Amino acid sequence: MYSYTFADYKDFWGNSIVAYTQDELKQQVAKAAVEYVKEGIIGVGTGSTANYFIEELAKVKGRIEGAVASSEATAQRLRNHGIKVYDMNDVDSLDIYVDGADEITSAMHMLKGGGGALTREKIVAAVAKTFICICDESKYVSVLGKFPLPVEVLPMARSQVARALVKMGGRPVLRDFTTDNGNVILDVHDLTITDPVKTEAEINQIVGVVTNGLFAARPANILLLATADGVKTVTKK
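Parameters at a glance
Residues numbered from 1 in each chain as written. Predicted model: local features only at pLDDT ≥ 70, side-chain atom pairs only at ≥ 80, totals over all residues. Heavy atoms only, no water. Pairing = 2+ DSSP bridges. Helix = DSSP H or I, 4+ residues; strand = E, 2+ residues; numbered from the N terminus. Contact = heavy atoms within 4.5 Å. Axes fitted to C-alpha atoms, helices over the stretch in contact; angles between N-to-C directions. Patch = residues over 30% accessible without salt bridge, like charges linked within 9 Å, V, L, I, M, F, W, Y side chains within 5 Å. Areas by Shrake-Rupley, 256 points an atom, 1.4 Å probe, with all protein chains shown as cover. Salt bridge = Lys/Arg side-chain N within 4 Å of Asp/Glu carboxyl O. Buried < 20%, exposed > 50% of the residue type's maximum accessible area, 1.4 Å probe, protein only. Polar contact = N/O pair within 3.5 Å; in protein donor to acceptor, adjacent residues only side chain to side chain. Parallel < 35°, antiparallel > 145°, perpendicular 65-115°, else oblique. Left-handed = near helix turned anticlockwise from the far one by under 90°. Nonpolar A, V, L, I, M, F, W, Y, C, P; charged D, E, K, R; others polar.

1. A word on the sheet that holds strand β13 (residues 222–227)
Line of reasoning, step 1. The strand order β3-β2-β1-β4-β7-β13-β14 describes an open sheet built from seven strands, whose pairing is mixed. Strands at the two margins of the open sheet, each flanked by one partner only, are β3 (85–86) and β14 (230–235).
Line of reasoning, step 2. Where strand β1 (residues 41–44) meets strand β4 (residues 94–99), two bridges bridge the pair, whose relative direction is parallel. If you follow Val44 over to β4, its bridge partner there is Val98.
Line of reasoning, step 3. Each of β4, β7 (128–136), β13 and β14 is contacted by helix α1 (residues 22–34), which is oriented at about 145 degrees to β13, the strand it contacts most.

2. Notes on a nonpolar patch on the surface
Line of reasoning, step 1. Side chains of Leu154, Met156 and Val210 sit close together on the surface and give an oily, nonpolar patch of about 320 Å² of accessible area.
Line of reasoning, step 2. Summarising the element assignment, Val210 is placed in strand β11 (residues 209–212).

3. Some remarks on helix α2 (residues 48–58)
Line of reasoning, step 1. Three or more residues of α2 are buried, namely Thr49, Ala50, Phe53, Ile54, Glu56, Leu57 and Ala58.
Line of reasoning, step 2. Those residues of α2 that are buried lie in contact with α1, β1, α3 (72–80), β4 and β7.

4. Some words on unusual backbone geometry
Line of reasoning, step 1. We note that Met108 has phi near 70 degrees; this positive angle belongs to a residue other than glycine.
Line of reasoning, step 2. Counting through the fold element by element, Met108 comes out in the loop between β5 (103–104) and β6 (110–111).
Line of reasoning, step 3. Under the relative-accessibility criterion, Met108 is labelled buried at 0%.
Line of reasoning, step 4. Phi at Asp190 is positive, roughly 70 degrees, even though this residue is not glycine.
Line of reasoning, step 5. Tracing the backbone shows Asp190 in the loop between β10 (184–189) and α6 (196–204).

5. A look at the side chain of Lys122
Line of reasoning, step 1. Take Lys122: it is sitting in helix α4 (residues 118–127).
Line of reasoning, step 2. There is a polar contact of 2.9 Å between the side chain of Lys122 and the backbone oxygen of Leu214.
Line of reasoning, step 3. If we ignore the near neighbours within four places in the chain, the residues touching Lys122 are Glu200, Asn204, Thr211, Asn212, Leu214 and Phe215.

6. As for the pattern of salt bridges
Line of reasoning, step 1. Applying the stated criterion across every chain, the model contains nine salt bridges.
Line of reasoning, step 2. The residue Lys112 makes a salt bridge to Glu121 at a minimum N-O spacing of 3.4 Å.
Line of reasoning, step 3. In this structure Lys112 comes out as buried when scored by relative accessible area, which is 2%.
Line of reasoning, step 4. By relative accessible area, which is 3% here, Glu121 ends up buried.
Line of reasoning, step 5. A network of salt bridges, in which partner residues are shared, links Asp99, Lys112 and Glu121.

7. Some thoughts on the packing of α1 against α2
Line of reasoning, step 1. Interaxial distance between α1 and α2 falls to 8 Å at its minimum, and their mutual angle equals 50 degrees. As far as their axial angle goes, α2 and α1 are oblique. Considering the relative orientation of α1 and α2, their crossing is right-handed. Side by side, α1 and α2 meet where Asp23, Lys26, Gln27, Val29, Ala30, Lys31, Ala33 and Val34 of the first sit next to Ser48, Thr49, Tyr52, Phe53, Glu56 and Leu57 of the second.
Line of reasoning, step 2. Of the residues contributing to the contact of α1 with α2, the split by class is seven nonpolar, three polar and four charged.

The following block contains the structure:
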């Protein structure tokens, strides 16, 4: 996982530059995302940035009817804040889905799944009218693949899928983790993903794969990017 701190320093003219930790940037972007919350039922993602969003959402929970969670951990966190959690099967559509990303490009293609909730995240994202990605600028990249690509796999197919991923040029590593769906995750290193839509489809065609962490067929609509200069809004072209 990426981790960094903006150092406290002065510019060429001697003016002080404000320093932010990564956690402070996540808090900033979470506050910005709450401005998009209006009413009804919303989708909420999984991970450290999404957790900050839940903290901010709790302050305005009276605006909404409830939420759909992309993981059991998120569902419990929402309930702890008094926010009603709905089953995805009971919801026809969601106006917004708010979640983070491990990497995202200017084309709004994302690599997700560092928290292990990629399959449920894809399901919630598929139902949402607007996908709002929230992250700090360390996650904004030109090409996906420096962060290992998570692939959720049926346990009995682990070795077979791993061999297929090696043929694609990847180096799969079994994560010591079981998903909410009872499956395993292979984290695929050494991939340079220049065509995310194509790669997403190819990996999903491997027998035994549940899904992979590329969100390219359904990219983000809005990116709220926390930077040292404030939160920047990027929209899908």
